[in-house]
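Listed here are the chains, written in short residue letters.
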Amino acid sequence: GAMDDDEEEEEDDEDEDEEDTEVTNYDVGEEALDRLAIALGGKAMMPVLFGIIQEWFPSDDWKKRHAALMAISQSGEGCEAQMAKQLEPIVTTIVTRFGDAHPRVRWAAINTIGQMSTDFGPQLQAKLHSCVLPALVSAMDDGCKRVKAHAAAAVINFCEHCERKTLRPYLQGLLGKLMQLLSTNQRRVQEQAVTAVASVADVAEQDFVPFYDAFIPGLKELLRNSGGKEYRMLRGKAMECISLIGVAVGKDKFGPDAKDVMELLIKTQQGAELDTDDPQVSFMLQACARICKCLGEHFQPYLPFVIPPLLASAQLDPELHVTDVDDEDGDQEDEEGMESVTVNIRGQGNKRITIRTSALEEKATACSMLHSYVADLKEAFFPYVQEVATILVPLIKFQYMDEVRTAAMMAMPELLDSCILALAKGASGASAALVSQLLCFMLEPILEQLKAEPDVETLACQLEAFGELLAHGGSCEHAKLSADQIQKSTEVLQMLMRESNERRDEREGRRGDEDVDDEEEEQLEGEAEREEIVMQSLVEAAGKLFEVYQSGYLPYFDSLLMPTVSEMLQPTAIASSRAAALCLFDDVIEHCSADGGSSRYIAGIFPALLQYMGDETTEVRQAAAYGIAMLGERCNDATFTEAMMQQAAQALVLAVDAPGAWEEEHASASDNAISALGKICKRSDAIGAVGWPRWLEALPLRADREEARHVHATLCEQVEKSNTQLLGANHERLPDVICVFGRLLGTDLIADEYLPRIGHLLKQVHSGLPQVLQQLPSHPKFALLSEENRAELEKALSS
């Protein structure tokens with residue numbers, strides 16, 4: 001199984017009865033089971049599996065008990081749906097084997113729980129924590145050190161999908177035990193324990209603070225004691241652990257130790273020449289980056305130590321060689337760290353291309369680290385911006401590895417941002433001219449690469465970064481593009497939209513073929529999904545241009561994008577194309593209405609918004625609803641008339657009343673429709689009389705967090721205004737409102753500034769209409785409130 005544990009390769013000589021533990025044909029069987037489960041699917045596989053397990057679990061032969069457990073852990077992926085239905089009995093049964101007489105069986109039981117925590121997270125963690133965690137804590141007392149270490153490793157898997165509040169009650173017990181494992185002098189046990197502490201801290205966040213002082217001194221000690229080569233992994237994991245704890249507890253708690261820790265890391269790097277394969281190198285890089293995240297600008301003094309080695313790594317030459325295949329026998333051994341491929345180059349015959357892969361990986365890591373430093377440090381990174389830009393801009397085109405291109409591209413908006421913030425704060429050396437020079441220096445290579453990028457996934461990441469770069473024009477005058485740059489950028493967007501549509505048509509054509517088998521179908525699905533992300537990123541980039549230049553962008557939109565986008569809006573286009581086109585027209589309404597720039601588009605777009613409110617695809621309905629919301633919010637009465645509002649409100653109500661409208665996969669579109677309905681009700685009394693009660697019925701919203709927060713803020717404001725259309729002439733809908741408030745308090749579905757306002761409203765009801773609160777428990781909606789909701793209401797009333 002995919003346990004975070006490398007125990008199995010090394011045999012420990014003091015483990016009991018090691019001789020008869022060889023299980024023949026074992027690995028072969030294990031992999032076959034995995035494949036079989038996936039091929040047959042859970043329905044066919046589960047009964048067979050359970051038959052075997054029920055027969056073998058009670059067996060006296062430990063090998064059978066062991067095999068039964070391994071069978072479960074291997075089949076999880078293929079039988080996921082079937083096993084998920086019976087998770088509790090399966091997990092409970094496995095946990096009983098933590099007490100098996102044979103250590104290999106105990107190990108396998110823990111291994112299975114670790115694997116299942118990964119396969120069935122986060123349901124397993126949420127439902128079965130009280131069964132699993134105490135058992136893992138006791139397993140850390142096992143007499144066999146391998147089992148101990150494996151219990152710590154399973155904690156790592158458990159934490160991967162665990163919520164902070166689930167873990168909270170167990171912290172004392174878990175961390176107490178891990179502390180004991182850390183103080184054993186068994187290196188392998190310590191390695192797993194250190195990583196387990198790191199995973200726990202990562203989930204616990206602020207809850208780790210009380211344990212901080214107990215762990216940090218020991219972890220610093222691990223860094224100080226150099227020990228031999230075999231301790232490198234342990235020290236690396238200690239670096240990881242300290243830095244994750246730092247991020248978890250925050251800079252106020254970690255700050256005083258940060259200097260010490262950084263000095264120890266610096267000493268490690270400068271002390272001995274580290275071998276290239278030393279695991280400490282990558283742990284150290286990650287640890288410094290995390291400590292930077294924790295300290296923010298206070299990390300600045302350590303930059304001279306961290307940045308130069310990264311710049312050196314980013315400039316590594318991957319030593320590409322091209323040779324004729326025929327000079328040496330084609331199958332000569334690759335030298336360590338080198339990899340080669342043979343390609344047939346047109347007109348030149350077979351060539352062998354060799355490249356140093358270790359250098360490529362180091363280069364990619366360095367680029368992504370530079371990206372994270374500039375993103376975390378903002379203007380504190382400014383002294384390095386020019387040097388880093390000089391190295392990273394050419395790497396946007398680095399053709400041998402897409403990770404390098406992506407990381408270099410993602411750093412661009414962050415570097416520009418650092419420059420803009422430094423200018424705003426009056427940092428020395430920062431100037432308006434530098435901002436526009438930096439933008440010009442980046443833009444040309446970025447546009448060139450966008451046109452040339454061969455990999456669809458990489459293109460989507462690059463477009464996202466390009467969108468962020470364009471958005472900086474909104475916060476800083478000097479980061480705006482010239483007319484020529486807007487033209488060139490839009491030409492690239494146009495070209496990429498067309499190419500994406502061509503790939504789409506070609507794919508739809510292949511889909512229509514008779515002989516498409518399941519595997520090809522799956523591949524086409526995957527391609528279509530990646531293409532959708534490209535189109536979304538293109539739309540978002542164009543959206544940023546609307547956001548920054550508003551109606552000034554319309555001439556470019558009209559001449560270059562409009563023909564393609566109009567085509568994508570047609571009912572004959574596929575759903576993702578219609579959604580993308582709607583999003584762009586939504587941008588026109590949202591950003592070009594203040595000066596009336598959008599009004600000439602409305603006649604054409606309004607019928608489409610109404611029609612697509614009834615579309616079967618959620619994302620199309622959501623984009624249509626958002627467009628109607630923007631009409632309600634941004635357009636004047638001459639453009640968005642009372643008659644149009646009536647039609648829009650009808651379409652919105654139809655959409656939220658449709659069967660299935662509130663099921664999980666459709667709810668985000670319905671949330672947007674309710675939001676739009678509220679905006680129309682605010683403008684039209686005639687619609688509000690019917691619209692507000694229908695609007696209230698749908699609350700609270702949950703699926704689209706951003707819209708939910710807007711709508712719940714509107715609820716608060718309308719109640720403050722004593723809107724009788726909403727509350728009813730005799731406040732008859734007030735209990736409904738209070739029940740909605742009850743379900744919102746203590747969640748992130750309402751902005752914090754509204755909490756005291758809701759408290760104030762509840763107190764007004766308490767003093768002015770006490771009977772409403774007294775009768776509340778008999779109100780049908782009150783039954784929907786959980787214990788926690790009721791407690792929150794009590795708290796708000798008494799605060």
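Every value quoted in this text rests on a predicted model; they were computed, and no experiment measured them. (Residues numbered from 1 in each chain as written. Predicted model: local features only at pLDDT ≥ 70, side-chain atom pairs only at ≥ 80, totals over all residues. Heavy atoms only, no water.)

A. Representation of the packing of aromatic side chains within the structure. Scanning the model with the defined rule gives 13 aromatic pairs in all. Between F208 and F211, the aromatic rings sit 6.2 Å apart at their centres with planes inclined by 55°, giving tilted as the arrangement. By the burial criterion, F208 is buried, and F211 matches it. Ring geometry for F557 and F585: centres 6.0 Å apart, planes at 90°, overall edge-to-face. Within this pair, whereas F557 is found in helix α24 (residues 554-569), its partner F585 is found in helix α25 (residues 575-591), the two being separated by 28 residues in sequence. F585 shares its class with F557; the two are buried. Taken together, the ring pairs in this structure connect F546, Y553, Y556, F557, F585 and Y601 into an aromatic cluster. Of note, R187 hangs over the ring of Y231, and the distance from its end group to the ring centre comes to 5.9 Å. (Phe/Tyr/Trp six-rings, centres within 6.5 Å; stacked < 30°, edge-to-face > 60°. Buried < 20%, exposed > 50% of the residue type's maximum accessible area, 1.4 Å probe, protein only. Helix = DSSP H or I, 4+ residues; strand = E, 2+ residues; numbered from the N terminus. Lys NZ or Arg CZ within 6 Å of the ring centre and 35° of its normal.)

B. Highlighting helix α12 (residues 209-224). Here α12 spans 23 Å end to end across 16 residues, near enough to the 22 Å set by a 1.5 Å rise per residue. Its maximal kink placed at F215, α12 deviates by approximately 40°, while the proline P217 follows within four residues. Within the span of α12, buried status applies to F211, Y212, F215, I216, L219, K220, L222 and L223. (Expected span 1.5 Å × (residues − 1). Bend = angle between axes of the 7 residues up to and from the residue.)

C. Expanded view of the side chain of R352. Considering the arrangement of structural elements, one finds R352 in strand β3 (residues 349-356). For R352, a relative accessible area of 8% translates into the label buried. A distance of 3.2 Å separates a polar atom in the side chain of R352 from a polar atom in the side chain of S340. (Polar contact = N/O pair within 3.5 Å; in protein donor to acceptor, adjacent residues only side chain to side chain.)

D. Representation of the pattern of salt bridges in the model. In the structure shown here, the tally under the stated rule is 40 salt bridges. One salt bridge in this structure joins K177 and D141, with 3.4 Å as the shortest N-O distance. In this pair, K177 is assigned in helix α10 (residues 171-182) and D141 in the loop between α7 (123-139) and α8 (145-160), connecting sequence segments 36 residues apart. For K177, a relative accessible area of 15% translates into the label buried. Judged by relative accessible area, which is 48%, D141 ranks as partly exposed. (Salt bridge = Lys/Arg side-chain N within 4 Å of Asp/Glu carboxyl O.)

E. Seen up close, the environment of R232. Note on placement: R232 falls in helix α13 (residues 232-249). Sequence spacing of R232 and L264 is 32 residues, and the spatial spacing of their C-alpha atoms is 14 Å.

F. Examining unusual backbone geometry more closely. Residue P122 follows G121 across a cis peptide bond; omega there is -5°. With respect to the helices and strands, the residue P122 is situated in the loop between α6 (103-119) and α7. Residues L699 and P700 are joined by a peptide bond in cis, for which omega reads -5°. Position of P700 among the secondary structure elements: in the loop between α30 (685-697) and α31 (705-720). A positive phi angle, near 50°, is found at K378, a position not held by glycine. Within the secondary structure layout, K378 lies in the loop between α17 (357-377) and α18 (385-395).

G. Region of interest: the nonpolar core. Among the nonpolar cores identified, the biggest contains 265 residues, and F299, Y373 and F557 are the most heavily contacted of them. No other element matches the eleven residues that helix α19 (residues 402-424) contributes to this core. Not counting chain neighbours up to four residues away, the residues in contact with F299 comprise M262, C288, I291, C292, V306, Y373 and L377. (Core = buried A, V, L, I, M, F, W, Y, C linked by side-chain atoms within 4.5 Å. Contact = heavy atoms within 4.5 Å.)

H. Up close: the environment of S551. As for its placement among the helices and strands, S551 is situated in the loop between α23 (518-549) and α24. Counting along the chain gives 438 residues from S551 to I113, while the straight-line C-alpha distance between them is 58 Å. In contact with S551, other than residues within four places in its own chain, are H591, C592, D595 and G597.

Note that every value here comes from positions in space, so none of it alone points to a role or purpose.
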